[in-house]
Amino acid sequence: MSEATIKTTEAGPRPYGMRFLQPPRRAAQPRPDGVRYSPELQLTVGADGNPWKTEAMASETSSNNDGGQAGEDTDPDPY
Amino acid sequence: MRSPNRTVMVLTSQPDTTADLVVRKLNERDVPVFRFDTTAFPTEATMAAQLGGGWGGGMRLGERELELDRVGSAYYRRPGEFAMPASISPAARRFAAAQSRAGLLGVLVSLDCLWVNHPGRNADASYKPWQLTVAEHVGLRPPRTLITNDPDAARRFAKDIDGPVIYKTLAGGVVDDDGVPKGMPTSVVDPDGLDDSIALCAHQFQEWVDKQHEVRLTVVGDEFFAAEIHAGSDDAHVDWRNDYASLSYEIADVPDDVRRGVVELMRSFGLVFGALDFVVTPAGEWRFLEINPNGQWGWIETVTGLPIATALAELLQRGTTT
């Protein structure tokens, strides 16, 4: 392999596929369906009546926009 | 037949609005739900499990308790990484995280309950080359594919295809040098750009399959929910994630031969849930692209009305696929 034919950055050479990296979609555009779930839907109350923590309820960080030919948005999986 | 009202355990992050849809359906059915994020272990959650005819004991999180032998099903969505106390050293955090992962998840995944999906099965099915192998075997007609770190092989493949070739990642979760997670949509390859940087890792190249539209097929147990995705721009035509605003959706019927192949594929991987992507060619042929074993489905339900959350709640409440 010739070093001259590999595109390099300050951090060193990058694999071919990395040239297709794009900024996070979430930052680039709104949710695909334009949906903002209501606060009611964010309430994850168990059947025993104990509410889940409330500080996350206003968050819109769930990524509902994965899929397609390029594969899933992969969150860290502790497994 | 399992006894009614066994607990459904939901493993996911707190702001997971898609899981909320299922939890709400379970609440409407008065099904006990124990939702937690692995991030809470061990700082907020405790577990004591003792072996004896399976794992007995339980978990506690705040005011809530889970009896392990009461778990009828588990919904494995998007739990976070184990979070260790900041007060301990980096080496101690690494040790504690590894022990916590092996201990907590080791107990949970061995419970006698239905997993949607078992994380081990998810992990298996996340290998795209394996998916393609099985898909080909069951007649789902994936595109011609090359996986290589050999630049010459990539160039030969592009030449042999005699048409457009696309590059797509083999694994997600790309974090750039700036520390920002980034996306990588399917991209049409410039044959002149197939340089020696291909040698730096495995790459996946496929023939471009001309499409009328794509289909996102969500499978829950033995229920199929298929949505046609019609691209309204050139960018979306290559990868519909490029331009959501241009997309339109229609509910689709699944051809019998595709249905049979998908059932076989799911069975092969031990999956009870899956989000599959297909290209439908101008001639109407369905071509398998991939299966996302833990794929998103919330927006499909929103834009089509397909009752996916209800199907998941029913499956989790039932605790069995039969």
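Residues numbered from 1 in each chain as written. Chains lettered and ligands numbered in written order. Predicted model: local features only at pLDDT ≥ 70, side-chain atom pairs only at ≥ 80, totals over all residues. Heavy atoms only, no water.

(A) Up close: the overall build of chain B. Helix and strand counts for chain B stand at 9 helices and 18 strands. Taking the contacts inside chain B whose residues are at least 6 apart along the sequence as the reference set, 68% of them involve residues at least 24 apart. If you sum the accessible surface of chain B, you get close to 13,400 Å²; carbon and sulfur atoms cover 49% of it. (Helix = DSSP H or I, 4+ residues; strand = E, 2+ residues; numbered from the N terminus. Contact = heavy atoms within 4.5 Å. Areas by Shrake-Rupley, 256 points an atom, 1.4 Å probe, with all protein chains shown as cover.)

(B) Seen up close, the overall build of chain A. Per the secondary structure count, chain A includes 2 helices and 2 strands. What you see in chain A, going N to C, is helices and strands ordered as β-β-α-α. Here the contacts in chain A between residues at least 6 apart in sequence split such that 40% fall between residues at least 24 apart.

(C) Geometry of the nonpolar core. Residues and elements named next belong to chain B. The biggest cluster of nonpolar side chains holds 34 residues, and the ones touching the most others in it are V22, V116, W297 and L312. Mapped by element, the contributors of at least two residues to this core are β1 (7–11), α1 (17–28), β7 (114–116), β15 (223–230), α8 (298–304) and α9 (308–318). Here this core takes 7 residues from α9, the largest share from any one element. Residue-level mapping places this core at the junction of two domains, with at least three residues from each of domain 1 (7–116) and domain 3 (210–318). (Core = buried A, V, L, I, M, F, W, Y, C linked by side-chain atoms within 4.5 Å. Buried < 20%, exposed > 50% of the residue type's maximum accessible area, 1.4 Å probe, protein only. Domains from an automatic or database assignment.)

(D) Layout of the sheet that holds strand β3 (residues 45–51) of chain B. All names here are of chain B. One open sheet accounts for 3 strands, arranged β3-β4-β5; its pairing is antiparallel. Two strands in the sheet have a free side with no partner beyond their single neighbour: β3 and β5 (64–67). Taking each pair of neighbouring strands and ignoring which way they run, the sheet shows an average axis angle of 10°. Contacting β3 and β4 (55–61), helix α2 (residues 90–109) crosses the sheet at an angle of about 55° to β3. (Pairing = 2+ DSSP bridges. Axes fitted to C-alpha atoms, helices over the stretch in contact; angles between N-to-C directions.)

(E) Geometry of the packing of helix α4 (residues 128–137) of chain B against helix α7 (residues 256–269) of chain B. All names here are of chain B. Following both chains from N to C, one finds α4 and α7 inclined at 135°, their axes separated by 9 Å at the closest point. Taken together, the axes of α4 and α7 lie oblique to each other. Both α4 and α7 take part in a crossing whose hand is right-handed. Here W130, Q131, V134 and A135 of α4 lie close against α7, whose contacting residues are L265, S268 and F269. (Parallel < 35°, antiparallel > 145°, perpendicular 65-115°, else oblique. Left-handed = near helix turned anticlockwise from the far one by under 90°.)

(F) Summary view of the sheet that holds strand β2 (residues 33–36) of chain B. Residues and elements named next belong to chain B. Reading across the sheet, the 4 strands line up as β2-β1-β6-β7 and stay open at both edges, with parallel pairing between neighbours. Each end of this open sheet is capped by a strand with a single partner; those strands are β2 and β7. When strand polarity is set aside, the average angle formed by the axes of neighbouring strands in this sheet is 15°. Here β1 pairs with strand β6 (residues 71–76) via 5 bridges, running parallel. By the bridge assignment, V10 is partnered in β6 with Y75. Packing of α2 onto the sheet brings it into contact with β1, β2 and β7, and relative to β1 it is tilted by some 140°.

(G) Quick look at the pairing of strand β14 (residues 213–220) of chain B. Residue and element names in this part refer to chain B. Most of β14 sits inside the fold, with 8 of its 8 residues counted as buried. Covered by surrounding structure in β14 are H213, V215, L217 and V219 together with E214, R216, T218 and V220, the residues of both alternating faces. By the bridge criterion, 8 bridges tie β14 to strand β17 (residues 273–280) in an arrangement that is antiparallel. Within β17, the position partnered with E214 by the bridge is V279. One ladder, built from 7 bridges, connects β14 with β15; its direction is antiparallel. Residue pairing for β15: V219 is matched across the bridge by F224. In this antiparallel pair of consecutive strands, β14 and β15, the connection spans 2 residues, and G221 shows a positive phi of 60°.

(H) Structural context of the confidence of the model for chain A. Residues and elements named next belong to chain A. Here chain A averages 49 in pLDDT, and 15% of its residues register 70 or above. Within chain A, strand β2 (residues 12–13) carries the highest mean pLDDT (86), whereas helix α2 (residues 39–42) carries the lowest (36). Across residues 26–32, confidence stays below pLDDT 50; counting only partners more than four residues off in sequence or on other chains, it has 15 contacts. Low pLDDT (under 50) marks residues 35–76, which in the prediction has 141 contacts with non-local residues, meaning those over four places away or in another chain. (pLDDT = per-residue confidence, 0-100.)

(I) Representation of the side chain of Q206 of chain B in the model. Residues and elements named next belong to chain B. You can see Q206 is positioned in strand β13 (residues 203–207). Residue Q206 is classed as buried on the basis of its relative accessible area of 1%. For Q206, the side chain forms a polar contact with the side chain of T145, separated by 3.1 Å. Apart from residues no more than four positions distant in its own chain, Q206 is found in contact with L132, P143, R144, T145, F157, P164, V165, I166 and K168. (Polar contact = N/O pair within 3.5 Å; in protein donor to acceptor, adjacent residues only side chain to side chain.)

(J) Spatial organisation of the packing of α1 of chain B against α9 of chain B. Residues and elements named next belong to chain B. The interhelical angle for the contact between α1 and α9, taken along N-to-C directions, is 60°, at an axis separation of 9 Å. One way to sum up the angle between α1 and α9 is to call them oblique. Along this stretch, α1 crosses α9, giving a crossing that reads as right-handed. In contact with L21, V22, K25 and L26 of α1, α9 contributes A309, T310, L312, A313, L316 and Q317. Residues belonging to the contact of α1 with α9 are distributed by class as follows: 7 nonpolar, 2 polar and 1 charged. (Nonpolar A, V, L, I, M, F, W, Y, C, P; charged D, E, K, R; others polar.)

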